[in-house]
Every structure is written in C-alpha cells, then in structure tokens.
Amino acid sequence: MEKQGSPVISCEDVHKFYLAGDRSVYALKSINLEVREREFVSIVGKSGCGKSTLLACIAGLLPVSHGEIRVAGDKVTKPGRRDFGLVFQTSALLRWRTTLDNVLLPVEMFGMSKKEYEPRARDLLKLVELEGFENRYPNQLSGGMQQRAAIARALIHDPKVLLMDEPFGALDAQTRESMNLELMKIWEITPKTVLFVTHDLQEAAFLSHRVVVMSARPGTIQEIVEIPIPHPRTREVLYSDAFLQTTRRLRELLSAQADAKKE
C-alpha cells in the first residue's frame, strides 16, 4: 500500500450504549482505530453492527459512552466541524434550492462569503460532471446526479476529512459502479482523508487503502484488511486477481461471523 501521512482520526477504546425503548443496546465495544492523512478507509459489516453509529460518533453527531475520538489532535465533542464534509445515503438536497445553491449551503452555514465561493462551487460541479445543471432543482436530477451534487457540497469548504455513510446504497448497480469510479477520480484530484461506510464488499475493496471489518453487535473491529492494489484505480482493477482475492477474504471474514453465530 502507498505510504500515507500522520493520523487524522483516532478512536481510543470507544464504546457506545443507547436506549431503544425500555432496553439498553450495546452498539460499539472497544473500538481502536487510526485513519491517516489522505487515506481512504472503508468500514464493512453485517446490518446492525454499528458502522453508521461509529461514523456518527466521529462526526460528533452522537456522543461516545466511553473512550474518546480525536480529529487532528482535537477531541470530538460536538457536530459542525469545518474540517469535515459529510455525505449520507440520501443526498439531502433542499428541494427549494438549485443545484448551485445546494452546493453553497455549507458556505452560508459557516458564515463565509457566498460570492467568494461561487467560482469554487462551479468548478466542483464541473469536476462531478454537473456543469450545465447549476440552475436545476433536485427533482430535475437523477439519483446519481443528486449524489454527485452532495459530494460537491461536502467539498465546497475544502474539508480535511470526508465522512461518507453508504452514499451509493440507494443506487442501481450500474450507477453505483459509475459513482465509485467518479469518487476515485475526485479523490485523486482533491485527495482527502476519507472514512466510508458500506455494506458492499466490492465497493470497499475497490475504493480503499484499508477495509475495517466489524463484528456483529456489539460492534468490534474483527480485522483490518490491507488492499494490495496501487492507486490510481480503474475499472480494470475489478477483474484483477488481487481484487478478487481481496473480496474473497472480506467475504470469508463475514461468513465466519455467521458460522460462529450458528454454533
């Protein structure tokens, strides 16, 4: 794997409990993880294993019950960090705002100059192949186009870290593959530290330097798999022996969890 920089995200003995009705749920247990500068790390695991919960804790959207999370050395205690860009499964574009105005939304929220950032917004829309759609509304865009606009919105304030929670989960297989290639291109042009949650093992193996495999609830880190494929990555990677062996290894790890649960 290409050598990456110093740690940007650090999780130290993170636990998370929460109430669900009249019972307590143990969502995360003893999470220790470092994500380095300009590294692309994916988190995979069965539904309910705590992937999205961990991402929400790192984003400051949920408090941890024990342990601590640091980003660039600072303890995470609340949401709204300017060095974060967030992308979720649904684009969450505001239906009454044009594509351009949706991309500029974080600029307004952080009290920055909309006029100053408009050229950057237009450049980002060109980067995600939405040039010419600046004045369209979300209902005039396809699902893939909406997600590309959401990625541009996450990049507008030039964050150090992108947190992405199954951003392509609602897309059809062909559009999803296209979006993976698009995201890889964007990462190569504007390299960020990326933490990416997905249930798709091929997607994780294609995009990532490392893949974090989580166990069933309470979610723990079962193994971290290094991806032995250099960047940049193209569609041809999907047919390589290294890629097929890596996805097989990820599948075996999750299958072993299922088999152990049956015993």
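Look above for the structure.
Residues numbered from 1 in each chain as written. Predicted model: local features only at pLDDT ≥ 70, side-chain atom pairs only at ≥ 80, totals over all residues. Heavy atoms only, no water.

Engineer: Quick rundown of the overall build of the protein? Include the residues and the values.
Structural biologist: Of the regular secondary structure elements, the protein holds eight helices and ten strands. Taken over C-alpha atoms, the radius of gyration comes to 18 Å for the protein, in line with the 18 Å a tight globule of 263 residues would show. Of the contacts formed within the protein by residues at least 6 apart in sequence, a portion of 70% connects residues at least 24 apart. Summed over all atoms, the accessible surface of the protein reaches about 12,700 Å², with 49% contributed by carbon and sulfur. If the 36 positive side-chain charges of the protein are averaged to one point and the 34 negative ones to another, these points end up 4 Å apart. (Helix = DSSP H or I, 4+ residues; strand = E, 2+ residues; numbered from the N terminus. Rg over C-alpha atoms; globule rule 2.2 N^0.38 Å. Contact = heavy atoms within 4.5 Å. Areas by Shrake-Rupley, 256 points an atom, 1.4 Å probe, with all protein chains shown as cover. Lys, Arg positive; Asp, Glu negative; His and termini not counted. Charge placed at Lys NZ, Arg CZ, Asp CG, Glu CD.)

Engineer: Could you give me a rundown of the pattern of salt bridges, with the residues and numbers involved?
Structural biologist: Opposite charge on two side chains permits pairing when their charged atoms draw close. For the structure shown, the criterion picks out 16 salt bridges. Between Glu 68 and Arg 70 there is a salt bridge, with the nearest N and O atoms lying 2.7 Å from each other. Arg 70 sits in the partly exposed class, given a relative accessible area of 29%. If you follow the salt bridges from partner to partner, you end up with Arg 97, Asp 101, Glu 108 and Lys 114 in one network. (Salt bridge = Lys/Arg side-chain N within 4 Å of Asp/Glu carboxyl O. Buried < 20%, exposed > 50% of the residue type's maximum accessible area, 1.4 Å probe, protein only.)

Engineer: Go over unusual backbone geometry with me, naming the residues and quoting the values.
Structural biologist: Cis rather than trans, the peptide bond between Arg 217 and Pro 218 has omega equal to 0°. By the secondary structure assignment, Pro 218 is in the loop between β9 (210–214) and β10 (221–226). Note that the residue after His 231, namely Pro 232, is joined by a cis bond; omega there is 0°. Considering the arrangement of structural elements, one finds Pro 232 in the loop between β10 and α8 (241–262). Here the phi dihedral of Ala 92 falls at roughly 55°; this positive angle occurs in a residue that is not glycine. Here Ala 92 is to be found in the loop between β6 (84–87) and α2 (99–103). Its identity as a non-glycine residue notwithstanding, Glu 129 has a phi of 60°, on the positive side. When its relative accessible area of 47% is taken as the criterion, Glu 129 is described as partly exposed.

Engineer: Account for the sheet that holds β6, with residues named and values stated.
Structural biologist: The mixed open sheet is built from six strands, whose spatial order is β6-β7-β8-β3-β9-β10. At either margin of the open sheet sits one strand with a lone partner, and together these are β6 and β10. When strand polarity is set aside, the average angle formed by the axes of neighbouring strands in this sheet is 15°. Along the sheet, helix α5 (residues 143–155) contacts β6 and β7 (161–165); its crossing angle with β6, the most-contacted strand, is approximately 165°. (Pairing = 2+ DSSP bridges. Axes fitted to C-alpha atoms, helices over the stretch in contact; angles between N-to-C directions.)

Engineer: Tell me about the sheet that holds strand β2 (residues 23–36), and please be specific about residues and values.
Structural biologist: Taken together, four strands build an open sheet; the order of strands is β2-β1-β4-β5 and the sheet is antiparallel. For this open sheet the edge positions go to β2 and β5 (74–75), each flanked by a neighbour on one side alone. When strand β1 (residues 7–20) meets β2, the two strands line up antiparallel, connected through ten bridges. By the bridge assignment for β2, Cys 11 is matched with Leu 33.

Engineer: Tell me about a nonpolar patch on the surface, residues and numbers included.
Structural biologist: A cluster of nonpolar residues, Leu 61, Leu 62 and Phe 88, forms a patch on the protein surface that exposes about 240 Å² of accessible area. By relative accessible area, which is 35% here, Phe 88 ends up partly exposed. (Patch = residues over 30% accessible without salt bridge, like charges linked within 9 Å, V, L, I, M, F, W, Y side chains within 5 Å.)

Engineer: An account of the environment of Lys 75 is needed here, citing residue identities and associated values.
Structural biologist: One can find Lys 75 in strand β5. Lys 75 sits 31 residues away from Val 44 along the chain, and the two C-alpha atoms are 25 Å apart. When residues no more than four places from it in sequence are discounted, the contact partners of Lys 75 are Glu 68, Ile 69 and Arg 70.

Limitation: the analysis is restricted to geometry and does not speak to function.
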